[in-house]
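Per-entry structural report
Residues per chain, in single letters:
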Amino acid sequence: MSDVLGADVALADLPLREDLRGRSPYGAPQLEVPVRLNTNENPFPPPPELVADVTEAVREAARELHRYPDRDAVALREDLAAYLTSATGVAVAQQNVWAANGSNEVLQQVLQAFGGPGRTALGFEPSYSMHPILSAGTRTEWVPAPRRADFSLDGAEAAAVVAERRPDVVFVTSPNNPTGQVVQPADLRAVLEAAPGVVVVDEAYIEFSAQPSAIALIEQFPAKLIVSRTMSKAFAFAGGRLGYLAAAPAVIDALLLVRLPYHLSAVTQAAARAALRHADATLGSVRTLAEERDRVVGALRGMGFEPVRSDANFVLFGPFADAHESWKRYLERGVLIRDVGIPGHLRVTIGTAAENDAFLEASRALAEASEENR
Ligand SMILES: Cc1ncc(COP(=O)(O)O)c(C=O)c1O
């Protein structure tokens, strides 16, 4: 007998959907170690002015907590549209923007509306592991397609596979997680032209790259293109849970059919709007992180590692004879990085200069230890 209510029942005893049996939940380890470089967060905490503004905004929102929030989050979407307009130079209206609790929820809503039983979603692997997990949750059949051996996307090949498999949803992650490269505009255009359904360009890390946003292509592909974004990375707002997308207004009408009523709490909306008012300060960290990324890449190369070119706030690197064993060696040295399941490779998030130094010191120790450890 367990002292936890109902703990005698195992997952296998439940009348779970057959297609979910044997699957594993998403689970980047959340371990208490001195240096955590495993979930691509921004290592710089929000500035005190932002904290004060968020606190004040939440205090105000609290006066109205007996009421449901604005179901359509119009004011927040206006603020996000203004940010996208200034960041991309493309006139983005409130009607072009949708927001939810992290871009994971945005992506789930896209799959609920455009995927589902009898439909397929295609992605170019290795890429963000939640795309297939969200597909499974919405009973959308996942179709993996390859990248080149150097993890970049071959536009012609990608367009050919899309034309052949005719997926209802295509995911293109740019910069790609966990490998770091952006998709070239001509390659994206080729995929868009070939796609019979919607194409989601997941731009969670776009602020770290010099690449123009795919938002510029919405005008040309209004019935196909959806560009998802997040405040979790460059905006240093991962704990606030705010993701969003830009698309034609009709796409947002489709998402309204599947979203839960009042999905974005009044507290979240108020906090995100306050954080957006400090965009200049938070986005100021982007340049520092890009410089640190280049320093880390150079240092890794100097040690004999082979880092993959990255336009994001993380770097995939190797080679390791046994990546998981090496991941453990880092952990023993108090540095938590990510084993993303790509043979011979590990991924490190760019942290503060001190965190990166700790990571590089551990890397040097691993490099020196012996060839077997690599
Ligand atoms: C490519 C990509 N898309 C989306 C997300 C989801 O981020 P969030 O739900 O925090 O907005 C992540 C998070 O790591 C990511 O790497």
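A brief report on the enclosed structure follows. Computed from a prediction, not measured in an experiment: that's the story for all the values here.

Turning to the side chain of Ser135, a few remarks are in order. Tracing the chain through its elements places Ser135 in helix α4 (residues 130–137). With relative accessibility at 0%, the residue Ser135 sits in the buried group. Of note is the side chain of Ser135, whose polar atom sits 2.8 Å from the backbone oxygen of His131.

Each pair of packed helices can be summarised by the angle the axes make with each other and by the distance between the axes. Contact pair helix α3 (residues 103–114) / helix α7 (residues 249–256): the axes reach a minimum separation of 9 Å and the direction vectors enclose 85°. Here α3 is positioned roughly perpendicular relative to α7, judged by the angle of their axes. Together, Gln109, Val110, Ala113 and Phe114 of α3 and Val251, Ala254 and Leu255 of α7 make up the contact between the two elements. When grouped by side-chain class, the residues that make up the contact of α3 with α7 number six nonpolar, one polar and no charged.

Moving on, we come to the nonpolar core. Membership of the largest hydrophobic core comes to 51 residues, with the highest contact counts inside it found for Phe124, Met231, Leu242 and Tyr244. Considering every element that reaches this core, the biggest residue donor is helix α8 (residues 266–276), with six residues. For Met231, the residues in contact, after removing those within four places along its chain, are Leu80, Ala236, Phe237, Ala238, Leu242, Tyr244, Ala272, Ala275 and Leu276. Counting 33 residues, the second-largest nonpolar core is a separate cluster that includes Phe208, Val286, Val296 and Val315.

So, about the pairing of strand β4 (residues 141–146). Where strand β3 (residues 120–125) lies against β4, six bridges are found, and the strand directions are parallel. When the bridges of β4 are listed, Gly123 appears paired with Pro144. For the handedness criterion, the β-α-β arrangement of β3, α4 and β4 is classed as right-handed.

Strand pairing within a sheet occurs via backbone hydrogen bonds; the two strands may be parallel or antiparallel. Taken together, the seven strands give an open sheet; going across it, the order is β2-β8-β7-β6-β5-β3-β4, and neighbouring strands pair in mixed fashion. Across the chains shown, the open sheet's two edge strands, defined by having one partner strand only, are β2 (97–100) and β4. Neighbour-to-neighbour, the strand axes of the sheet open up by a mean angle of 25°, direction not taken into account. As paired elements, strand β7 (residues 225–230) and strand β8 (residues 243–246) share four bridges and run antiparallel to each other. Paired with Val227 across the two strands is Ala246, which belongs to β8. Across the sheet, helix α2 (residues 74–88) is in contact with β2, β7 and β8; its angle to β2 comes to roughly 120°.

Thresholds, definitions, all that
- Residues numbered from 1 in each chain as written.
- Predicted model: local features only at pLDDT ≥ 70, side-chain atom pairs only at ≥ 80, totals over all residues.
- Heavy atoms only, no water.
- Helix = DSSP H or I, 4+ residues; strand = E, 2+ residues; numbered from the N terminus.
- Buried < 20%, exposed > 50% of the residue type's maximum accessible area, 1.4 Å probe, protein only.
- Polar contact = N/O pair within 3.5 Å; in protein donor to acceptor, adjacent residues only side chain to side chain.
- Axes fitted to C-alpha atoms, helices over the stretch in contact; angles between N-to-C directions.
- Parallel < 35°, antiparallel > 145°, perpendicular 65-115°, else oblique.
- Contact = heavy atoms within 4.5 Å.
- Nonpolar A, V, L, I, M, F, W, Y, C, P; charged D, E, K, R; others polar.
- Core = buried A, V, L, I, M, F, W, Y, C linked by side-chain atoms within 4.5 Å.
- Pairing = 2+ DSSP bridges.
- Right-handed = clockwise from strand over helix to strand, strands pointing away.

Just distances and angles here, no functional claims.
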